[in-house]
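Residue-level structural notes
Here's the letter readout for the chains.
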Amino acid sequence: MPRPAWKKILWKTQPYPDNYIPPDSFLSSLRRNPNFTPYAYRPLALSCCPITQHLAAVFTFLAVFVRLQDRSLDARVLLWISVMCFLFGYLLWEVLSYANPPPGLTNRPKVLKSSLLVFLALMGLAPVLRTLTAATSSDSIWALSACQFLLNTLLADYGCIKPGSYSQERLTSVLSMNAAISSSVVLASRLPDDLSVFSLVLFAVQLFALFPILRHRFWALPTILQALITITVSALSLALVLPLSVPIAAIVFGIYITVNLAAPGILVWAQRYKNEIRGPWDVAVPRLNCNQIVIDHGSGVGNTL
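No experiment lies behind these values; they were computed from the predicted model shown.

Turning to unusual backbone geometry, a few remarks are in order. Of note, Arg71 is a non-glycine position whose phi angle comes to about 65°, a positive value. One can find Arg71 in the loop between α2 (49–69) and α3 (75–99). In this structure Arg71 comes out as exposed when scored by relative accessible area, which is 59%.

This is how it looks when you write it as structure tokens:
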């Protein structure tokens, strides 16, 4: 007498062992890398450009600080450079906003008023900031500044804003900016005069508060322009660091190459070893959407609630 067909149930006695699995259904629901999306090298390298730009801004600021401290850079020259960079950045922002207008209207008088208030506030606070860390040793200042710049780099927002969209500031990006400004203030307090303190802090505000906002709009530019901007700011930071220390400049260059060229290649190479196995034995994962909840049981079959 032939045996009845096997069913995947426990409440009924069947003439099969408890661990029986039909040969034709063994591992039939096995799926390998169901959510895997292969990476391409070029988009990955392009996505790393904001990281390189941010690192270049940090190294540029540190090189400017060293030159102000040893008086090889006049604070008045840095002040005029900051003003010209602000005007150029604002003009570039207007051009990008005109080409890809964000939702809502931009209150330009309010922006200019806020910029003027920040300028005057920094000018008035410069004497106070110069003596802020007078009772603190320089070793503590260097260590504190290094930790804050590391925190700034780790928490920075390297995402993009698509043309015509608006993105609210994340908490991590705000913390990143605060860490950079705080580090800039403690470094500026080691400078000899008020004008140097004012120029350096103003330069820091542009690099760590305004430049990231403009950097998000670079995604509206063609790929060649994004790469050209990255090469330009990286070359500028190297040109500032190289006269100060050749070994440090070599380390900075190695960091740029690793972040922008080597790291994407390593990720593309390593994805061949990705092997995620999914099947009906996995815990059901709910997938939420606006109207319904779909429970994925791992075998490609979903139940809708």
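For helix α7 (residues 194–216), which comprises 23 residues, the first-to-last C-alpha distance of 33 Å matches the rise-based estimate of 33 Å (1.5 Å per residue) to within 8%. Of all the bends in α7, the greatest, near 40°, is centred on Leu210, and the proline Pro212 appears no more than four residues after it. Extensive coverage of α7 is indicated by the burial of 19 of its 23 residues. Where α7 starts, the residue carrying a side-chain oxygen 3.3 Å from the main-chain nitrogen of Leu195 turns out to be Asp193.

What follows is about a nonpolar patch on the surface. Among the surface-exposed residues, Tyr41, Phe253, Ile257 and Leu261 lie close enough to one another that they form a single nonpolar patch of about 360 Å² accessible area. Broken down by element, the nonpolar patch gets its largest block of residues, three residues, from helix α9 (residues 246–270). When you line up the elements, Tyr41 lands in helix α1 (residues 41–47). Look at Tyr41 and you get partly exposed, because its relative accessible area is 36%.

What counts, and where the lines are drawn
Residues numbered from 1 in each chain as written. Predicted model: local features only at pLDDT ≥ 70, side-chain atom pairs only at ≥ 80, totals over all residues. Heavy atoms only, no water. Helix = DSSP H or I, 4+ residues; strand = E, 2+ residues; numbered from the N terminus. Buried < 20%, exposed > 50% of the residue type's maximum accessible area, 1.4 Å probe, protein only. Expected span 1.5 Å × (residues − 1). Bend = angle between axes of the 7 residues up to and from the residue. Polar contact = N/O pair within 3.5 Å; in protein donor to acceptor, adjacent residues only side chain to side chain. Patch = residues over 30% accessible without salt bridge, like charges linked within 9 Å, V, L, I, M, F, W, Y side chains within 5 Å. Areas by Shrake-Rupley, 256 points an atom, 1.4 Å probe, with all protein chains shown as cover. Salt bridge = Lys/Arg side-chain N within 4 Å of Asp/Glu carboxyl O.

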